[in-house]
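# Coordinate inspection notes
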Amino acid sequence: GQSLEQPSEVTAVEGAIVQINCTYQTSGFYGLSWYQQHDGGAPTFLSYNALDGLEETGRFSSFLSRSDSYGYLLLQELQMKDSASYFCAVRSDDKIIFGKGTRLHILP
Amino acid sequence: ETGVTQTPRHLVMGMTNKKSLKCEQHLGHNAMYWYKQSAKKPLELMFVYNFKEQTENNSVPSRFSPECPNSSHLFLHLHTLQPEDSALYLCASSGGAAEAFFGQGTRLTVV
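We now turn to the structure provided with this report. (Residues numbered from 1 in each chain as written. Chains lettered and ligands numbered in written order. Predicted model: local features only at pLDDT ≥ 70, side-chain atom pairs only at ≥ 80, totals over all residues. Heavy atoms only, no water.)

Further remarks concern the sheet that holds strand S8 (residues 70-75) of chain A. Residue and element names in this part refer to chain A. The five strands are arranged S1-S3-S8-S7-S6 in an open sheet whose pairing can be described as antiparallel. Strand pairing shows two members of the sheet lacking a second neighbour, strand S1 (3-5) and strand S6 (53-57), which therefore form its edges. The mean angle between the axes of side-by-side strands here comes to 20 degrees, regardless of whether they run parallel or antiparallel. Here strand S7 (residues 60-65) pairs with S8 via six bridges, running antiparallel. Residue pairing across strands places Ser-61 opposite Leu-74, the latter belonging to S8. (Pairing = 2+ DSSP bridges. Helix = DSSP H or I, 4+ residues; strand = E, 2+ residues; numbered from the N terminus. Axes fitted to C-alpha atoms, helices over the stretch in contact; angles between N-to-C directions.)

What follows is about the pattern of salt bridges. The final tally for this structure, using the stated rule, is five salt bridges over all chains. Of the charged contacts, one joins B:Glu24 and B:Lys22 as a salt bridge, the two residues approaching to 3.8 Å between their closest N and O atoms. (Salt bridge = Lys/Arg side-chain N within 4 Å of Asp/Glu carboxyl O.)

As a further point, take the sheet that holds strand S7 (residues 64-70) of chain B. Adjacent strands of a sheet form backbone hydrogen bonds with each other and so pair up, either parallel or antiparallel. All names here are of chain B. The antiparallel open sheet is built from four strands, whose spatial order is S1-S3-S8-S7. Across the chains shown, the open sheet's two edge strands, defined by having one partner strand only, are strand S1 (4-7) and S7. Each neighbouring strand pair of the sheet contributes to a mean axis angle of 15 degrees, computed without reference to strand direction. Across seven bridges, strand S3 (residues 18-25) lies against strand S8 (residues 73-79) in antiparallel orientation. Following the sheet pairing, Cys-23 is matched in S8 by Leu-74.

Turning our attention to the interface of chain A and chain B. On the side of chain B, 21 residues touch chain A, which itself brings 18 residues to the contact. Both faces combined, the contact of chain A with chain B buries some 1,700 Å², and carbon together with sulfur accounts for 59% of it. Remark: the boundary between chain A and chain B carries zero salt bridges. Linking chain A to chain B there are three residue pairs in polar contact (both at pLDDT 80 or more). (Contact = heavy atoms within 4.5 Å. Buried area = accessible area lost by both parts, 1.4 Å probe. Polar contact = N/O pair within 3.5 Å; in protein donor to acceptor, adjacent residues only side chain to side chain.)

A separate point is the packing of aromatic side chains. Tallied over the full model, the rule gives 13 aromatic pairs over all chains. Relative to B:Phe102, the ring of A:Phe98 has its centre 5.6 Å away and its plane inclined at 65 degrees; by these criteria the two rings are edge-to-face. Taken together, the residues span two chains, with A:Phe98 in strand S10 (residues 95-98) and B:Phe102 in strand S10 (residues 100-102). Note on A:Phe98: relative accessible area 7%, which makes it buried. By relative accessible area, which is 1% here, B:Phe102 ends up buried. Aromatic side chains B:Tyr35 and B:Phe102 sit 5.7 Å apart centroid to centroid with 45 degrees between the ring planes, which places their arrangement in the tilted category. Of this pair, B:Tyr35 sits in strand S4 (residues 31-37) while B:Phe102 sits in strand S10; the two residues are 67 residues apart in sequence, bridging distant segments of the chain. Following the ring pairs from residue to residue traces out a cluster consisting of A:Tyr35, A:Phe45, A:Phe87, A:Phe98, B:Tyr33, B:Tyr35 and B:Phe102. (Phe/Tyr/Trp six-rings, centres within 6.5 Å; stacked < 30°, edge-to-face > 60°. Buried < 20%, exposed > 50% of the residue type's maximum accessible area, 1.4 Å probe, protein only.)

In structure tokens:
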């Protein structure tokens with residue numbers, strides 16, 4: 001079967017750094033991506049890793065280790081607007097499978 | 001604006017009604033998806049179309065019937081739904097990488 005595991009909730013303080021982990025089990029792996037979804041909105045693409053290593057895009061970075069079937073999303077200099085759900089997703093054959101999402105709570 | 005448009009944004013329907021959700025993309029993508037997102041639940045993949053051919057039906061009840069007349073349009077036909085089918089229905093498209101572009105979704109309420 002195919003599955004992705006990520007924590008259901010994470011809490012962090014404004015201005016701090018937070019890491020959201022994702023482990024996956026899938027066949028035909030093509031890459032790991034991350035999405036952000038605010039309440040009432042649609043998921044929006046954040047980042048994509050096809051190869052091992054760290055990808056940085058502004059305050060957000062994403063990491064992938066294919067040998068460990070593991071990745072993470074790193075959010076730096078947290079802002080209140082970063083409060084949202086974050087989903088990891090894998091491209092497997094012709095479909096994109098999403099994790100259950102991590103609800104990020106940010107405290108002032 | 002992601003380039004994926006869904007209509008209607010909100011829909012209330014009775015259990016005996018028949019309605020259709022529409023999704024349109026002009027991004028040149030070859031894959032289109034229907035996902036269901038219930039309250040406090042993860043995104044559930046329903047159907048996948050690749051080059052207009054259905055390649056995935058994730059054990060979805062037959063009261064949901066997808067249609068993909070061309071690579072830019074995707075429909076989800078609904079009939080005799082149940083109250084537990086009330087959810088946000090999201091359409092997405094992708095062009096071959098792991099990046100999917102989502103529409104704003106249709107908030108469906110079955111009464």
